[in-house]
Amino acid sequence: MNKGLILSTILLGSSSPLALAQTCDVEIKGEVPAHISLDKLFVSVYQRDIPVSAHQFSVCATKKDLNVTGQHNPNNKVYLVDKSTDTPLYLYSSLVFVQTKHIELDSISTLANYACDSRCGYYSHQRIQDDAALISLAQQYSQIDATAKAERSAFTLKHQAALSQLYTKVADIKALDANRMTEINNPDLWVDPYSGAGLFFESKANLQSTAFMEGIGDNIRNIMNQNPDLKPLVTPHKKDLRVIAEGRLSWEQKGEAIDALAAQFKTYNQPKLDEIIKILKDSYQNASPIFQDYLSNKDKTPFAALNQADSTFELVLANWTLAAYSHSKDKPKFSALFSERFKQERLPIQDKELDSALSRLITLPNHLGQQKLADGYKNIQIEFKDRLSPSNERYDFKDDLQSLSFIYEQGAWRLDNLSQVPMNHYEL
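On a predicted model such as this, the values are computed, not experimentally measured, just so you know.

J.: Is there a simple way to explain the overall build of the protein chain in this structure?
T.: The helix and strand inventory of the protein chain stands at 21 helices and eleven strands. On C-alpha atoms alone, the protein chain measures out to a radius of gyration of 30 Å, which is more than a quarter above the 22 Å that the 2.2 N^0.38 rule sets for 428 residues. With the C-alpha coordinates aligned to their principal axes, the bounding extent of the protein chain is approximately 105 × 45 × 35 Å. Expressed as a percentage of its 428 residues, the buried residues of the protein chain come to 48%. Once local pairs closer than 6 in sequence are excluded, the contacts in the protein chain between residues at least 24 apart make up 68%. The centroid of the 46 positive side-chain charges in the protein chain is displaced by 4 Å from the centroid of its 52 negative side-chain charges.

Now the structure itself:
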């Protein structure tokens, strides 16, 4: 639907499937029980109520009308509601996600809400709705009069345990072992879910400057202390040495400043000054390739959980996000989680959308675990179970929320590419 258009009610059969596809972000369908009056009956979404004018109905909603944020489990709902009395009567409901294109408001969608209990993403929600046990319960639920709120509540309360178990009814879900729990048991560990992930990488300038200063060490000071006669020659150039040591110059300017100082020292014809220049030049030259080493993944496989080539996509995603979250403050280890291509092409991260996407990916265990990383680790596997065929080389995942690529490189699974829709993508 073109942005800015209002929601429109479409009677079933009044529009062709092609027309629906061209005008709907999300099609919402359902069947109103025969004894329910259509007077003041609505499909209720975030922004407005859409009148229902047929017992078999189909209405259209835009992303903006639904206000679904760009998250894995935004927990937005749509309802079929009767407002003919002072107290609205909610007949059916359904969760809605960024990936949602069609919604069937019925007993199945309503009971799926109880099974999900704020845990579901799009794929676990779909799986639960297709579960034979849920369908069986929904058939019983549909026999209860839609206006009998007390009976409906009693039914869901009676079957709440069985409904809750539907979420975790997935085989081969790995739990965190004791060592990994110790690794992430840090009360100060926190990552901004919206931005700032780019700061977890080392900058080229900082790496080179740090390596340069480490190369100099106390060597120049020791030469000066051992040769007091150098002081009158070096003192006039104290400012030049300070400028070279400080980080205000670009790397190229630093090299030029060293060459200029070397030319000055040469005029004194003092071998000990040549030693000082050699220390500066050697430190400069040795620091130059430091960033290239940072971009390389050779011999960098610090995460045992990611070293297994034949891991499933959901386990790679769970292990990678947990490793990124728990090592976000350890820049060398954090860097090893990314492919060489990613680091060479995307660093430094100046793209706000990329920074936001990476921030949200890193915080996925915290988000899906509702602040409990161990639960998030399991819930990631539940959500993405069997979404991709097993591989020992590469995984490429893409849907309407995000795009992810992992590559097995230099003995470990590493992130090769990613993107996510903006949080308020419906406003674009």
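J.: Whenever I open this one, the sheet that holds strand β7 (residues 89–96) confuses me. Can you help?
T.: Working definition: the strands of a sheet are paired by backbone hydrogen bonds and lie parallel or antiparallel to each other. A sheet is described by the order of its strands in space; here four strands give the open sequence β4-β3-β6-β7, paired in antiparallel fashion. Of all strands in the sheet, those bounded by a partner on one side alone are β4 (49–51) and β7. Looking at each pair of strands side by side, their axes are set apart by 20 degrees on average, direction ignored. Judged from the three bridges that link them, strand β3 (residues 41–44) and β4 form a sheet pairing that is antiparallel. Its bridge partner lying in β4, S44 is registered against D49.

J.: When you look at the nonpolar core in this model, what are you seeing that I'm missing?
T.: Across soluble globular proteins, you tend to see nonpolar side chains buried next to one another. The biggest cluster of nonpolar side chains holds 69 residues, and the ones touching the most others in it are W320, L358 and I362. Non-local contacts of L358, meaning those with residues more than four positions away in its chain, are made with A197, F201, W320, F338, I349, L415 and L418. Judged by nonpolar contacts, the second largest core, of 26 residues, contains V32, I50, V59 and L89.

J.: Just to check I follow, could you spell out the environment of M181 for this structure?
T.: Residue position: M181 is located in helix α8 (residues 178–184). Along the primary structure M181 and K169 are separated by twelve residues, whereas in three dimensions their C-alpha atoms are 23 Å apart.

J.: Can you help me understand the state of the cysteines in this one?
T.: Simply put, the disulfide is a covalent bond whose two ends are the sulfur atoms of two cysteines. Inspection of every chain in the model, using the stated rule, returns two disulfides. There is a disulfide in this structure between C24 and C60, and the S-S distance comes to 1.7 Å. Between C24 and C60, the disulfide has an S-S torsion of -40 degrees and is therefore left-handed. Separated by 36 residues along the polypeptide, C24 in the loop between α1 (17–23) and β2 (26–31) and C60 in strand β5 (residues 56–61) bring together distant segments of the chain. Neither residue differs from the other here; C24 and C60 are each classed as buried. Covalently, C116 is tied to C120 through a disulfide, its sulfur atoms 2.0 Å apart. Its S-S torsion of about -85 degrees marks the bond between C116 and C120 as left-handed, since a negative value means left-handed. Just as C116 is buried, C120 falls in that class too. Described in terms of the sequence order of its bonded cysteines, the disulfide pattern of the protein chain is 1-2, 3-4.

J.: Help me understand a positive patch on the surface in this model?
T.: On the surface, K231, K238, K239 and R242 cluster together into a patch of positive charge. Counting residues per element, the positive patch draws most heavily on helix α12 (residues 238–245), at three residues. Of note, K238 is situated in helix α12. Taking the relative accessible area as the measure of exposure, K238 reaches 57% and is therefore exposed.

J.: What am I meant to see in the sheet that holds strand β9 (residues 394–398) here?
T.: Overall, antiparallel pairing links the three strands, which are arranged β9-β10-β11 in an open sheet. Edge positions in the sheet fall to β9 and β11 (412–420), since each has one partner strand and no second. Neighbour-to-neighbour, the strand axes of this sheet turn through a mean angle of 10 degrees, independent of strand direction.

J.: Please clarify how the environment of S94 should be interpreted in this entry.
T.: Note that S94 resides in strand β7. For S94 and S328, which are 234 residues apart along the polypeptide, the C-alpha to C-alpha distance reads 36 Å. Apart from residues lying up to four places away in sequence, S94 is in contact with N76, K77, V78, I103, L105, S109, N113 and H125.

J.: Would you take a moment to explain the packing of helix α9 (residues 204–216) against helix α13 (residues 251–266) for this structure?
T.: The axes of two packed helices give the description: the angle between them and the distance between them. Two numbers describe how α9 lies on α13: the axes approach to 11 Å, and their chain directions differ by 30 degrees. The angle between α9 and α13 falls in the class roughly parallel. Taken together, the residues of α13 that come into contact with α9 (itself represented by Q208, S209 and F212) are W251, K254 and I258. For the contact of α9 with α13, the class distribution of residues is three nonpolar, two polar and one charged.

J.: Sorry, what's going on with helix α7 (residues 160–168) here?
T.: The α-helix advances 3.6 residues per turn, and as a result positions three or four apart in sequence lie on the same side. All of the buried residues along α7 are L163, L166 and Y167. Across the axial projection of α7, the buried residues extend over an arc of 105 degrees, all falling on one side. Away from the buried face of α7 by more than 90 degrees, exposed residues A161 and Q165 are located. Buried positions along α7 lie against α3 (107–116), α4 (122–129), α5 (132–142), α6 (149–158) and α21 (373–384).

J.: Can you walk me through the side chain of S328 in this structure?
T.: Position of S328 relative to the elements: it lies in the loop between α16 (313–326) and α17 (331–335). Residue S328 is classed as buried on the basis of its relative accessible area, which comes to 1%. Only 3.4 Å separates the side chain of S328 from the side chain of K329, close enough to count as a polar contact.

J.: I would appreciate a short explanation of the pattern of salt bridges in the present structure.
T.: Between side chains of opposite charge, a pair can form when the charged atoms approach closely. Using the criterion set out here, one finds 14 salt bridges in the structure. With a shortest N-O distance of 2.5 Å, D49 and K83 are connected by a salt bridge. Pair noted here: D49 is in strand β4 and K83 is in the loop between β6 (76–82) and β7, with a separation of 34 residues, a long-range link. Residue classification places K83 among the partly exposed positions, given a relative accessible area of 32%.

Calculation rules
- Residues numbered from 1 in each chain as written.
- Predicted model: local features only at pLDDT ≥ 70, side-chain atom pairs only at ≥ 80, totals over all residues.
- Heavy atoms only, no water.
- Helix = DSSP H or I, 4+ residues; strand = E, 2+ residues; numbered from the N terminus.
- Rg over C-alpha atoms; globule rule 2.2 N^0.38 Å.
- Buried < 20%, exposed > 50% of the residue type's maximum accessible area, 1.4 Å probe, protein only.
- Contact = heavy atoms within 4.5 Å.
- Lys, Arg positive; Asp, Glu negative; His and termini not counted.
- Charge placed at Lys NZ, Arg CZ, Asp CG, Glu CD.
- Pairing = 2+ DSSP bridges.
- Axes fitted to C-alpha atoms, helices over the stretch in contact; angles between N-to-C directions.
- Core = buried A, V, L, I, M, F, W, Y, C linked by side-chain atoms within 4.5 Å.
- Disulfide = S-S within 2.5 Å.
- Patch = residues over 30% accessible without salt bridge, like charges linked within 9 Å, V, L, I, M, F, W, Y side chains within 5 Å.
- Areas by Shrake-Rupley, 256 points an atom, 1.4 Å probe, with all protein chains shown as cover.
- Salt bridge = Lys/Arg side-chain N within 4 Å of Asp/Glu carboxyl O.
- Parallel < 35°, antiparallel > 145°, perpendicular 65-115°, else oblique.
- Nonpolar A, V, L, I, M, F, W, Y, C, P; charged D, E, K, R; others polar.
- Arc of directions from axis to C-beta.
- Polar contact = N/O pair within 3.5 Å; in protein donor to acceptor, adjacent residues only side chain to side chain.

Any functional reading would require information beyond the geometric quantities listed.
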